[in-house]
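# Coordinate analysis (summary)
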Amino acid sequence: MAKTSFAKTLIETYKNIINILYDKKIIIDYNELSEKDVGHKKIIEFCTKDNSSQCLMDPSIIATDLYSQLYSHRQFNIEFVDGSILLFQCTIEGKKIIKQRMVFIKIYESLPQEDVESWEAYQVSDAEKTQLSFPILLRTDYNFNENKEYHPISHLTISNIENCRIPIKANLGFDRFIEFVLHQFFHRFDIPIPKMNYDITIKDVERKKVHVNWEN
């Protein structure tokens, strides 16, 4: 029997998580993953990706404008019940992820009731939504070949601040990032997400600073 490639395993894991989230009515839209060969590497990204997603590289763009650009061109993997979106893309070499980026953008705007078809109409009243008016942008990056000082191999960036790089213990996989979003932004602890573990990459000097950690 032929062995399943790591890329195929990753795509299958993605599909399984999508099914779990749909069953729990926590997402209302998604795009499939595409697989593209670039030399001896594979690029895994949402199948709708086009040049309009280049706005992600603009450090001066504000969260609301970034969201509008990405959403209008379907430049995302997942749309949650509240309209927030999540993006995932990675580069694979052999059986390893060597680069990865994930972005979560939550724009608090009241949604028409008829637009919220899931999770008991999102379970949030209009009054509560009105109070939540500050956009949230989180980005995680991983680059196995990164060797610059003050640039952790795996890090978290908040609100697209150019030099904000909070060290992360290891590559934060798509599965663990989804779990984090469910816990911290939807207060959903009842959705078990199967997770893969990756090699620890945080440096000793980074461990002494505030960083992102978890128990495997």
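Refer to the structure above for everything that follows.
Residues numbered from 1 in each chain as written. Predicted model: local features only at pLDDT ≥ 70, side-chain atom pairs only at ≥ 80, totals over all residues. Heavy atoms only, no water.

Here we take up the overall build of the protein chain. From N to C terminus, the protein chain includes five helices and nine strands. Taken over 216 residues, the protein chain has a buried fraction of 47%. In the protein chain, once contacts between residues fewer than 6 apart in sequence are set aside, the share between residues at least 24 apart is 61%. Roughly 11900 Å² of accessible area belongs to the protein chain as shown, and the carbon and sulfur atoms make up 51% of that amount. (Helix = DSSP H or I, 4+ residues; strand = E, 2+ residues; numbered from the N terminus. Buried < 20%, exposed > 50% of the residue type's maximum accessible area, 1.4 Å probe, protein only. Contact = heavy atoms within 4.5 Å. Areas by Shrake-Rupley, 256 points an atom, 1.4 Å probe, with all protein chains shown as cover.)

This part covers the pairing of strand β2 (residues 33–38). Of the pairings in the sheet, the one linking β2 to strand β3 (residues 41–46) comprises six bridges and is antiparallel in character. In the strand pairing of β3, K36 is matched with I43. (Pairing = 2+ DSSP bridges.)

Buried within helix α2 (residues 63–72) we find A63, L66, Y67 and L70. Relative to the axis of α2, the buried residues are bounded by an arc of 100° and lie together on one face. Positive phi appears at R74, one or two residues downstream of α2, with a value of about 55°. (Arc of directions from axis to C-beta.)

What follows concerns the pattern of salt bridges. Inspection of every chain in the model, using the stated rule, returns 12 salt bridges. The network of salt bridges with shared partners includes K8, E35, D37 and K42. (Salt bridge = Lys/Arg side-chain N within 4 Å of Asp/Glu carboxyl O.)

The next subject is unusual backbone geometry. The backbone phi angle of R74 is positive, close to 55°, even though this residue is not glycine. Topologically, R74 is positioned in the loop between α2 and β4 (78–80). Located in the positive-phi region is H187, a residue other than glycine, with phi close to 50°. Positionally, H187 belongs in the loop between α4 (174–185) and α5 (204–207). For H187, a relative accessible area of 63% translates into the label exposed.

What follows concerns the environment of L182. As for its position among the elements, L182 is in helix α4. Between the C-alpha atoms of L182 and I26, which are 156 residues apart in sequence, the distance is 8.8 Å.

Core analysis: the biggest nonpolar cluster contains 41 residues, and L21, I78, F80, L86, F174 and I178 have the highest contact counts within it. The set of elements that each furnish at least two residues to this core consists of α1 (6–23), β4, β5 (85–93), β6 (96–106), β7 (136–143) and α4. Broken down by element, the residue count for this core peaks at eight residues, all from α1. Beyond its immediate stretch of four places on either side in the chain, L86 contacts F76, N77, I78, F80, V103, F104, F174, F177, I178 and V181. In this structure, C55, L87, V103 and L137 belong to the second largest nonpolar core, which totals 15 residues. (Core = buried A, V, L, I, M, F, W, Y, C linked by side-chain atoms within 4.5 Å.)

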